[in-house]
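Structure at a glance
Residue-level listing of the chains:
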Amino acid sequence: ASTASTARTVSSTANNEKATIGQMLGGLVFLKTGKRAQLIDFYKNMIGMSVWLEQPNITILSHGNMILGFHQSDEPPDLQGMYTFVYPSREAVDEMYRKLKDTADAKPRDNERYSIYQFFAADPEGRKLEFQAFLHPLDVVTSQVLEA
């Protein structure tokens, strides 16, 4: 049997909204952190991510089809890699630069090799972040919850 067959729609008694319970098609990245509250504040208020799901010691945020989970841990934080936030226009990248210029490496610039407009910054724990707009057409990519 398909795991998607376990999906169902339920009514929330708290706010009378319907939510889908099922299996997600996509993925997410979990990162250990010692500063979960500070990071959630940064990613929500500076970058504009939304809380997708709360679990014990975990907050999962979304930005379009990007999903990041921050897990409060006594272990050293996960700082490897780079997390790229994609925006629809140069103007949107410029707006993010205005918010993050204190941690940005430089002003946004064209990268002709990859046909993007970009700048780099860091989050409060030092993770490398990229903010970019593609300067060429792209195929649509989405994440979805599968329904029965």
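One can find the structure itself at the top, above this paragraph.
Throughout this description, residue numbers start from 1 for each chain and increase along the sequence as written. Owing to the predicted nature of the model, reporting of local features is limited to residues with pLDDT of at least 70; listing and counting of side-chain atom pairs is limited to 80 or more, with chain, interface and lining totals taken over all residues. As a rule here, side-chain values come from all non-hydrogen atoms in the structure, and water together with hydrogens is ignored.

1. Describing the environment of Gly 48
What counts here: Helical segments are the DSSP runs of H or I of at least four residues, strand segments are the runs of E of at least two, and each set is numbered from the N terminus.
By secondary structure assignment, the location of Gly 48 is in the loop between helix H1 (36-47) and strand E5 (50-55). The spatial distance from the C-alpha of Gly 48 to the C-alpha of Leu 61 is 9.7 Å, given a sequence separation of 13 residues.

2. Side note on the sheet that holds strand E10 (residues 116-122)
To keep things clear, this is the line we draw: Pairing between strands is defined by DSSP: at least two bridges between the two strands are required. Where helices are involved, their axes are fitted lines through C-alpha atoms of the stretch in contact, as for all axes, and angles between N-to-C directions lie from 0 to 180°. Residues are treated as being in contact if the distance between any of their heavy atoms lies within 4.5 Å.
As summarised here, the arrangement of the four strands in space is E8-E11-E10-E9, forming an open sheet in which the pairing is mixed. Looking at which strands have only one partner, the edges of the open sheet turn out to be strand E8 (82-86) and strand E9 (109-111). Going across the sheet, the axis of each strand differs from the next one's by a mean of 35°, ignoring polarity. Taken together, the five bridges between E8 and strand E11 (residues 128-134) define a ladder with parallel strand orientation. Bridged to Phe 85 within E11 is Phe 131. Strands in contact with H1 are E8, E10 and E11; relative to E11, the strand with the most contacts, it is inclined by about 25°. Seen against the sheet, helix H2 (residues 90-100) touches E9, E10 and E11 and runs at an angle of roughly 20° to E10.

3. Remarks on the environment of Gln 72
Heads up, the rule is: Relative accessible area decides the class of each residue, using a 1.4 Å probe on protein chains only: under 20% of the type maximum gives buried, over 50% gives exposed, and in between gives partly exposed. Whenever two N or O atoms come within 3.5 Å, that pair is a polar contact, provided that in protein one can donate a hydrogen and the other can accept it, and provided that, for residues adjacent in sequence, both atoms are side-chain atoms.
By the element assignment, Gln 72 lies in strand E7 (residues 66-72). Overall, the relative accessible area of 27% leaves Gln 72 in the partly exposed class. Measuring from C-alpha to C-alpha, the distance between Gln 72 and Arg 36 comes to 5.6 Å, with 36 residues separating the pair along the chain. Setting aside its immediate chain neighbours within four residues, Gln 72 contacts Thr 33, Gly 34, Lys 35, Arg 36 and Asn 57. Polar contacts involving the side chain of Gln 72 include one to the main-chain carbonyl oxygen of Gly 34, which spans 3.2 Å.

4. Notes on the packing of aromatic side chains
For clarity, the cut-off: Whether two aromatic rings pair depends on their centres lying within 6.5 Å, for rings of Phe, Tyr and Trp, where Trp uses its six-membered ring; planes under 30 degrees apart make the pair stacked, over 60 edge-to-face, and the rest tilted. Any Lys NZ or Arg CZ that is within 6 Å of a ring centre and within 35 degrees of that ring's normal is treated as a charge sitting over the ring.
According to the stated counting rule, one finds seven aromatic pairs in the structure shown. Ring centres 5.1 Å apart and planes at 90° place the aromatic pair Phe 42 and Tyr 43 in the edge-to-face group. Between the aromatic rings of Tyr 43 and Phe 85, the centroid separation amounts to 6.3 Å while the plane-to-plane angle is 35°, which identifies the pairing as tilted. Residue Tyr 43 is located in helix H1, and its partner Phe 85 is located in strand E8; the two are separated by 42 residues in the primary sequence. Residue class for Tyr 43 comes out buried when judged on its relative accessible area of 0%. Among the aromatic side chains, those forming a connected cluster through ring pairs are Phe 42, Tyr 43, Phe 70, Phe 85, Tyr 87, Tyr 97, Phe 119 and Phe 131. Of note, Arg 90 hangs over the ring of Tyr 117, and the distance from its end group to the ring centre comes to 4.8 Å.

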